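Each chain is listed here by its residues.
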Amino acid sequence: MPAGRPPAPGPAVYLEGNPLNAKQIRARFLEFYAERGHTVVASSSLVPQDDPTLIFTNAGMNQFKAVFLGLEKRDYVRAASCQKCMRVSGKHNDLEEVGRDARHHTFFEMLGNWSFGEYGKRESLEWGWDFLTREMGLDPARLWASVYKDDDDAYAIWRDVIQLPAERIKRLGDLEKGDEENFWSMGDTGPCGPCSEIYIDQGADMACDHPRGCALGVCDCDRWLELWNHVFMEFDRDESGRLNPLPMLSVDTGMGLERLVAVAQGVRSNFLSDLFTPLIDFVAELSGRRPEGEDRISMQVIADHARAVTFAVADGAAPANEGRGYVVRRILRRAARHGRRLELREPFLWRCAEVVVREMGAAYPELVERQARVIDVIRREEERFNLTLDRGLQVYGEMRDAARAAGRDRLDGADAFKLHDTFGFPLDLTRVIAGEDGLAVDEAGFTEHMERQRAGSGKERRFMAGVGAWLAVGDADPAQQRGAFTGYGSLREEARALGVRSLGDGRCQLLCDRTPFYAESGGQVGDGGTVVLADGTSFAVSTTVADEAGPLAIVAADAEDLAARLRRDPRVVLAVGPDRAATMRHHTATHLLHAALRQVLGEHVTQAGSEVGPEKLRFDFHHDGALDEAQLARVEEIVNREVLANGEVRVHLDVPLAEARARGAMALFGEKYGETVRMIEIPGTTAAFSLELCGGTHVARTGDIGPVRITAESSSAAGVRRLEAVAGERTLALARRDREQLAALRGLVRQDGEPAALVAAVMQERDELARELRRLKQQSAAGSLDALLGGAVDVAGVRVLAARVAADDRDALLALGDRARDGLGSGVVVLAAEWEGKATLLVTVTADLVAGKKLHAGNLVKAIAERVGGRGGGKPNTAQAGLPEGTVDAALAAVPAAVTGALA
């Protein structure tokens, strides 16, 4: 099939009637499972909040991971959701394939239902089959299923219960042979189990030419389109690989909304469904081009990437140079480049984001709430990239022509790195551009240049950016000189300047023959202070960075002017600023904290990183699971006990590395050591309380630290926890703030006593008043019930009461609905109420009408809500729906027609 041409619609895969739109399909899925006792759970953020193993949420089960691992319990055992997901790497998720075929995406929505030990394979598969064939109207004759080779239970359900012909059920996978097809695992160890996948045959005209024939389980072509995976977590895989039965079977299913919508609408490409056509049509109109050929590929890329960037930014992932922010930047810049291929030279992706918000804001209200920020972030990023895109493409053209002239078939790694570093071209963008011109890219060379740039820390690179040539102060070349650090024993040093180097931003680096300024390293921030020249001129030092030449002070001065002054007299006085004392307190406190954590949690605790400055300390350490309040209190107690002991902080110099390790000294995360090391010891009663290899600065005795207080505990990465703490004056400042807040609290309640007891008394009084207010409102509502019932009208022989009422919450509305239904005797009650800025519609139907007239409250509320853009559902007797703002009157006006339609 020619590139860019969308697959032609094939034979309809749905049975009859008009296909549903995407909004209806999304809503119908959730309603289907809500009617079967599932709690509809809102999509979690695209940016994972509690799972640092993920860059983006990539599956519906992510938010239930702790439940499956037995670490968390929910107040429900059945759940359904439509989850925002993003996948930009790995199998079937090559970014460069997005837009070029029918089904690769970055952002997608995953429909799923889950059972946490409550139901099993039969319910999962039967409901899945019913939803696809009855709710979606897919042709059963086109549906196939696969099961794991030994899963006789799932096979029997398909064959005997659902009655799928045996020839359309395939056994796949074989763990003993290393084939994990149809067997799902959360990781190398942990919960796992067989899965059963539902496929749809899209027609023989989509068959591939696989040597063994186009067949399910043989090829991976689009004829056999996987729709829905049902995972049955039956086992716990241990480290030996043995599968041990779990005490309960759980179910985890996932189905891509994009595929389902395309199939339900009878199109062969996801991009032809109404999830994407509004965006593609908008880009076509904006560019004045038709969605055909290569232009269509660009439009599909933009449509996909606009959705991804809009949702990612809405959930807090702004474009950046690392982490998930870099993923967002890559996606946005790839879309911008495809826009340029359509001659869209002004920022346009922010306007596509407006279309995304318009189309998907009802399902994801956060898009509407955060629209202004989303548009602003995307537009600014586009504007920045546009400034360099044209020049970057011009430079690339020169590189391409040079490569061809030299007879090379690839772009040098240095050239690819220049495009990245100077013009912001991600490597994959350069790869695509070069590929279009028949050139490969020297990716190994590119990586070598990247690693060279990353040799220093991120902060060090920031200070080194734009560094010019050394300006010599004396006769010697500064590049050949070395400065000595003398700051362990002195905070003031008389020294000679050796050279100055510009940073290009009004600051410069100063190299001296000796310096008391500690250069940022080992997690400790660089020193600030002052430089006083021989003529009395003083310059501020903001920080100090490490360099092969030695510590370099960052001075707020023009490099040429400072060098000229120093050539007249190179003598300087260097003085460390007052922040050093607070930094030393925090650094020594970090050592105490490390040792206390090992006492409380175990010897497995080791340092994973740190940041020590004058304001606070941060300490990352290897440990699974959050610390509870008792553990945090115990750690804090041990640290402060050592502070009160006022023990000597001993510094051991030039200790052989082997000896230090033999004594059990802890090594700093990421640090490289020579043959001899500097070791910091804090003695204990019988052995060292703390013994670490460390080049940082410390207090003389632990009592110099002052009181230590842990201020935060959080997750930093998979298996890594983070503590933040303060010491000395910072702790006292927090204590003063707490005392002031407690005094203010007592002033508010105008009573003496323990703060917790005072707050509890106020809350108890508030709750009592709230209960009394609710009782009075219910009493008032009951008193007006006769007037309310007087408004009932006859609709096709059924008494119908439709009214707007006052209710403070769901319980109050339900209670009022029950009383109105009982007072009506026989009929339909439809009540609407608003609280906390949200409108709710309640429908109740008396038992005689449910049995005799076959009226169903869930169907009624759904029909009424859909007329005004809402959605809901429920049981035959009682059901609810949420309504968009300002639609209550329209919804109540639609009640008679909805009842008439239900009775027809």
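Residues numbered from 1 in each chain as written. Predicted model: local features only at pLDDT ≥ 70, side-chain atom pairs only at ≥ 80, totals over all residues. Heavy atoms only, no water.

### Regarding the pattern of salt bridges
- For the structure on display, the rule yields 63 salt bridges.
- A salt bridge links R307 to E258; its shortest N-O distance comes to 2.7 Å. Of this pair, R307 sits in helix 7 (residues 293-314) while E258 sits in helix 5 (residues 257-264), and the two are 49 residues apart along the sequence.
- We classify R307 as buried; its relative accessible area is 0%.
- Of the charged contacts in the structure, one is a salt bridge between E381 and R384, with a shortest N-O distance of 2.9 Å. A residue pair is termed a helical-turn pair when its members lie 3 or 4 positions apart in one helix, as E381 and R384 do in helix 11 (residues 371-405) at three residues.
- The class of E381 is buried, set by a relative accessible area of 0%.
- Among the charged side chains, a network of salt bridges with common partners joins K84, D315, E366 and R370. (Salt bridge = Lys/Arg side-chain N within 4 Å of Asp/Glu carboxyl O. Helix = DSSP H or I, 4+ residues; strand = E, 2+ residues; numbered from the N terminus. Buried < 20%, exposed > 50% of the residue type's maximum accessible area, 1.4 Å probe, protein only.)

### Here we look at the sheet that holds strand 23 (residues 650-656)
- Taken together, the three strands give an open sheet; going across it, the order is 23-24-25, and neighbouring strands pair in antiparallel fashion. What marks the edges here is a single partner per strand, and that holds for strand 23 and strand 25 (688-693). Mean inter-strand twist for the sheet, computed between neighbouring axes without regard to direction, equals 25 degrees.
- Relative to strand 24 (residues 676-683), strand 23 runs antiparallel, the two being bridged by five bridges. If you follow V655 over to strand 24, its bridge partner there is V677.
- Each of strand 24 and strand 25 touches helix 17 (residues 579-601); the most contacted strand, strand 25, lies at about 120 degrees to it. (Pairing = 2+ DSSP bridges. Axes fitted to C-alpha atoms, helices over the stretch in contact; angles between N-to-C directions. Contact = heavy atoms within 4.5 Å.)

### Considerations on helix 5
- Across the eight residues that make up helix 5, a large majority, eight, are buried.
- All buried positions along helix 5 are accounted for by L257, E258, R259, L260, V261, A262, V263 and A264.
- In the stretch just after helix 5, G266 is the one whose phi turns positive, near 75 degrees.

### Comments concerning unusual backbone geometry
- Phi angles above zero are rare outside glycine, and Q163 is one such case at about 65 degrees.
- Within the chain, D654 stands out as a residue other than glycine whose phi angle is a positive 55 degrees.

### Description of the sheet that holds strand 28 (residues 793-795)
- Read across the open sheet, the six strands follow the order 28-29-30-31-33-32; overall the sheet is mixed. The sheet is open, and its two borders are formed by strand 28 and strand 32 (871-874), each paired with just one other strand. Each strand of the sheet is rotated relative to its neighbour by a mean of 20 degrees, with strand direction disregarded.
- Looking at chain direction, strand 30 (residues 828-835) and strand 31 (residues 838-845) are connected through eight bridges and run antiparallel. Residue pairing across strands places W835 opposite K838, the latter belonging to strand 31.
- Across the sheet, helix 23 (residues 810-824) is in contact with strand 29 (798-804), strand 30, strand 31 and strand 33 (878-883); its angle to strand 30 comes to roughly 155 degrees.

### Here's the deal with the environment of D238
- Along the polypeptide, D238 turns up in the loop between strand 8 (224-237) and strand 9 (243-256).
- C-alpha separation for the pair D238 and D188, spaced 50 residues apart in sequence, amounts to 8.4 Å.
- Not counting residues up to four positions away in its chain, the partners in contact with D238 are T189 and N244.
- A polar side-chain atom of D238 sits 2.6 Å from a polar atom in the side chain of S240.
- A polar atom in the side chain of D238 sits 2.9 Å from the backbone nitrogen of R242. (Polar contact = N/O pair within 3.5 Å; in protein donor to acceptor, adjacent residues only side chain to side chain.)

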